[in-house]
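# Structural description and commentary
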Amino acid sequence: MPSIFTRILRGEAPASIVHRDTAVAAFLDIAPLSEGHCLVVPLQETAHLADLPPQTLDRLTAVAQKVGSALRAADPTITGLNWLLCDGKDAGQEVFHTHLHVIPRRAGDGLRLGGRPQKTSRADLDAWAERITRKFSECP
Ligand code: 5GP
């Protein structure tokens, strides 16, 4: 069965998309750890990091870097970023389609990366996607 991310990428499930190219896409996490939390996902579904072609990993990190810059440009309260990649069940991986989290951090947010996120409304996620997308094309 295809992963939820493959279903999103095929247009079979909703998502608030920030970017898509020939190798990777970025969209808002449905249950953000902080406002603006994005996932960068290869179009090719592979369960584990070791299965991902190195050139796709390069593209994944390049897009994650740009998503981070776009987040900072879109919201000046974002003063830090965490990248998180969970590879394997014991590392906390829940969706077995390799992906990189880009998690905005704000001064004094007290965020715990293992915390319990809450689902957010599609309208909020779409609003964030619009803000980030607008800045994405301006970032080097
Ligand atoms: P993992 O623990 O595998 O690194 O993280 C999976 C992430 O996927 C979680 O942060 C979860 O909120 C997110 N997620 C799960 N289902 C969906 C979905 O249908 N849409 C989106 N945008 N994110 C999802």
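Going by the structure above, here's the rest.
Residues numbered from 1 in each chain as written. Predicted model: local features only at pLDDT ≥ 70, side-chain atom pairs only at ≥ 80, totals over all residues. Heavy atoms only, no water.

## What to know about helix H3 (residues 122-136)
Taking 1.5 Å per residue as the helical rise, H3 with its 15 residues ought to reach 21 Å, and the 20 Å between its terminal C-alpha atoms agrees with that figure. Three or more residues of H3 are buried, namely Leu125, Trp128, Ala129, Ile132 and Phe136. The buried side chains of H3 occupy one side of the element, clustering within an arc of 105 degrees when seen end-on. Facing away from the buried side of H3 by over 90 degrees, the exposed positions are Ala123, Glu130 and Arg134. (Helix = DSSP H or I, 4+ residues; strand = E, 2+ residues; numbered from the N terminus. Expected span 1.5 Å × (residues − 1). Buried < 20%, exposed > 50% of the residue type's maximum accessible area, 1.4 Å probe, protein only. Arc of directions from axis to C-beta.)

## Points about the packing of helix H2 (residues 54-74) against H3
Relative orientation of the contacting elements H2 and H3 amounts to 105 degrees, with a least axis distance of 8 Å. Classified by the interaxial angle, the pair formed by H2 and H3 is roughly perpendicular. Across from Val63, Lys66, Val67, Ala70, Leu71, Ala73 and Ala74 in H2, the residues of H3 making contact are Trp128, Arg131, Ile132, Lys135 and Phe136. Taken together, the residues that form the contact of H2 with H3 break down as nine nonpolar, no polar and three charged. (Axes fitted to C-alpha atoms, helices over the stretch in contact; angles between N-to-C directions. Parallel < 35°, antiparallel > 145°, perpendicular 65-115°, else oblique. Contact = heavy atoms within 4.5 Å. Nonpolar A, V, L, I, M, F, W, Y, C, P; charged D, E, K, R; others polar.)

## A look at the site of the ligand
As a structural note, the neighbourhood of the ligand is formed by 16 residues, with Asp29, Gly92, Glu94, His99 and His101 the closest of them. In the model, an oxygen atom of the ligand is placed 2.8 Å from a nitrogen or oxygen of the His101 side chain. Taken by itself the ligand offers 520 Å² of open surface, and the protein chains cover 84% of this. Counting only elements with at least two residues in the shell around the ligand, the list comes to helix H1 (4-9) and strand E2 (24-28). Ranked by the residues each element gives to the shell around the ligand, the list is headed by H1, at three residues. (Near = heavy atom within 4 Å. Polar contact = N/O pair within 3.5 Å; in protein donor to acceptor, adjacent residues only side chain to side chain. Areas by Shrake-Rupley, 256 points an atom, 1.4 Å probe, with all protein chains shown as cover.)

## Some details on the sheet that holds E2
Read from one edge to the other, the open sheet built from five strands follows the order E1-E2-E3-E5-E4, with strand pairing classed as antiparallel. Of all strands in the sheet, those bounded by a partner on one side alone are strand E1 (17-20) and strand E4 (78-84). Along the sheet, successive strands turn relative to each other by an average axial angle of 20 degrees, direction set aside. In this sheet, E2 lies alongside E1 in antiparallel orientation, the contact comprising three bridges. Note on E2: the bridge partner recorded for His19 is Ala26. Contacting E1, E2, strand E3 (38-42), E4 and strand E5 (100-106), H2 runs over the sheet at an angle of about 160 degrees to E4. (Pairing = 2+ DSSP bridges.)

## Topic: the side chain of His19
In this structure, His19 sits in strand E1. Since its relative accessible area comes to 12%, His19 is described here as buried. Engagement of the side chain of His19 in a polar contact is seen with the side chain of Asp21, the distance being 2.9 Å. His19 has contacts with Val24, Ala25, Ala26, Arg59, Val63 and Phe136, leaving out every residue within four places of it along the chain.

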